[in-house]
Amino acid sequence: MKNILFNDHHDLTELVILLLKDQTRRIADIPQKMKSHWRIGDRLEIESPTVIRWVRIDGCPVMKLYPRYEVGEVVAVAQSYEVLERTGFAIFVSDYSEKDAGWRNKMFVSPDAMPNVIRITGVRAERLQDISEKDCVREGVRYLSPLKMYYFECRKKDQGFYFSTAREAYSSLIDKISGKGTWESNPLVWVYDFELITNK
C-alpha cells in the first residue's frame, strides 16, 4: 500500500477524514532522474485520460507518464505518529516512538499504521484551470452561507481567506500549497476522485 499526503496547514487531511474532500489534483511532472534531459520548448500533453506524453519541440515523443494511483487502488492517508497518538489512535502507533522519523514527519510513516485509507474511484489528466466550481468544493473549498462566500483556512496563521466564487478560492489555495504562480502557469494535473474507507 502507498501513502498519500494532504496539506495540514490548510486542514486538507482533516477535511478528507470528515468527508468534506473527495478529490485531489497532483501536478504531473517528469521523474526526477529525467529532469536534466528537459529542453527548452519541450512540453507535456494529454495523450489519453490516463496518459501524459513528454514531447520534444520538434514533435518527437520522449516518454509517457502515468498516474501514481490507479482506479480501485487503496491508499493510506498519511498522518504523523505524534498526531495519531494525540487524537486517540495510539493503538495504531504503539510500535513507534519519538525516535522514529515518522513521529513528526508524515512523509516517513508506514502505510500499515494509518487508521484512515481512501479508495481511488477515478483518474484523469487535465489542465489545472479546467477545474469546475463543483470540483473546487470537492477539493476542500467551503461555503459560508451567512457571508455568501467561499473560503479556506490556514491553521498556521489562524486565519481564513474568503472569495466570491469557489474557483477564486481554489486558485488562491493551490498557489499556497504548490507555490505562487501555480494557478497562472496552468500545469497538467492528475485528478483523483476517491472515497474514504475504513482501514482497521
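Residues numbered from 1 in each chain as written. Predicted model: local features only at pLDDT ≥ 70, side-chain atom pairs only at ≥ 80, totals over all residues. Heavy atoms only, no water.

Colleague: Help me out: how do you make sense of the side chain of Lys106 in this one?
Modeller: Mapped onto the fold, Lys106 is located in the loop between helix H2 (81–86) and strand S7 (116–127). A distance of 2.5 Å separates the side chain of Lys106 from the backbone oxygen of Phe6, its partner in a polar contact. Dropping the residues within four chain positions of it, Lys106 is found in contact with Leu5, Phe6, Asp8, Thr13, Ala78, Gln79 and Ser80. (Helix = DSSP H or I, 4+ residues; strand = E, 2+ residues; numbered from the N terminus. Polar contact = N/O pair within 3.5 Å; in protein donor to acceptor, adjacent residues only side chain to side chain. Contact = heavy atoms within 4.5 Å.)

Colleague: Is there a simple way to explain the layout of surface pockets in this structure?
Modeller: The method is simple in principle: a probe with the dimensions of a water molecule rolls over the atoms, and the space it marks as empty is what remains. Volume-wise, the largest pocket comes out at about 650 Å³. What lines the largest pocket is a set of 27 residues, and nearest its centre among them are Leu5, Thr24, Arg25, Arg26 and Ile27. Of all elements in the fold, only strand S1 (2–4), strand S2 (23–27), helix H4 (166–178) and strand S11 (188–198) reach the threshold of two or more residues within the lining of the largest pocket. Per-element accounting of the lining of the largest pocket gives the leading share, five residues, to H4. Residue composition of the lining of the largest pocket, grouped by class: 17 nonpolar, four polar and six charged. Empty space within the second largest pocket amounts to approximately 370 Å³. (1 Å grid on protein atoms, 1.4 Å probe; cavity = no way out; pocket = protein on both sides within 12 Å on 5 of 7 lines; lining within 4 Å. Points joined across faces, edges and corners; volume = space filled by probe spheres on them. Nonpolar A, V, L, I, M, F, W, Y, C, P; charged D, E, K, R; others polar.)

Colleague: Before we go on, may I ask you to explain the environment of Glu47 in this structure?
Modeller: One can find Glu47 in strand S3 (residues 43–48). For Glu47 and Leu65, which are 18 residues apart along the polypeptide, the C-alpha to C-alpha distance reads 9.7 Å. Sequence-distant contacts of Glu47, that is, excluding residues within four places in its chain, are made with Ile52, Arg53 and Lys64.

Colleague: I keep staring at unusual backbone geometry and nothing clicks. Help me out?
Modeller: Note on backbone geometry: most residues besides glycine have negative phi, and most peptide bonds are trans. In this structure, Lys148 is a non-glycine residue whose phi angle is positive, near 55°. The residue Lys148 is located in the loop between strand S8 (142–144) and strand S9 (149–154) in this model. A positive phi angle, close to 50°, is found at Asn186, a residue other than glycine. Tracing the sequence through the fold places Asn186 in the loop between helix H5 (182–185) and S11.

Colleague: Mind showing me how you'd approach the pattern of salt bridges here?
Modeller: Side chains carrying opposite charge are able to pair once their charged atoms draw close together. One pass over the full model with this rule turns up 21 salt bridges. A salt bridge links Lys35 to Asp29; the shortest N-O distance between them is 3.0 Å. Lys35 gets classed as partly exposed once you look at its relative accessible area, which sits at 34%. Judged by relative accessible area, Asp29 falls into the partly exposed class, the value being 46%. Between Lys64 and Glu47 there is a salt bridge, with its nearest N and O atoms 3.1 Å apart. With Lys64 in strand S5 (residues 61–65) and Glu47 in strand S3, this pair connects stretches of sequence that are 17 residues apart. Looking at Glu47, the relative accessible area reads 34%, which means it is partly exposed. (Salt bridge = Lys/Arg side-chain N within 4 Å of Asp/Glu carboxyl O. Buried < 20%, exposed > 50% of the residue type's maximum accessible area, 1.4 Å probe, protein only.)

Colleague: Please explain H4 as it appears in this structure.
Modeller: Residues that lie three or four places apart on an α-helix share one face, since the helix turns once every 3.6 residues. Spanning 13 residues, H4 covers 18 Å between terminal C-alpha atoms, matching the ideal 18 Å at 1.5 Å per step. By the burial criterion, the buried members of H4 are Ala166, Ala169, Tyr170, Ser171, Ser172, Leu173 and Ile174. Buried residues along H4 sit against S2, helix H3 (133–138), S9, strand S10 (159–163) and H5. At the exit of H4 stands Gly179, carrying a positive phi of roughly 110°. (Expected span 1.5 Å × (residues − 1).)

Colleague: Can you help me understand the sheet that holds S11 in this one?
Modeller: To summarise the sheet geometry, strands pair through backbone hydrogen bonds and adopt either a parallel or an antiparallel arrangement. Spatially, S1-S6-S7-S11-S2 is the arrangement adopted by the five strands of the open sheet, whose pairing is mixed. Two strands close off the open sheet at either side, each with one partner strand: S1 and S2. Pairwise comparison of adjacent strand axes, ignoring direction, gives a mean angle of 45° for this sheet. Bridging between S1 and strand S6 (residues 74–77) involves three bridges; their strand directions are parallel. Counted as the bridge partner of Lys2 is Val75 from S6. (Pairing = 2+ DSSP bridges. Axes fitted to C-alpha atoms, helices over the stretch in contact; angles between N-to-C directions.)

Such coordinate-based values are descriptive only and should not be taken to indicate function.
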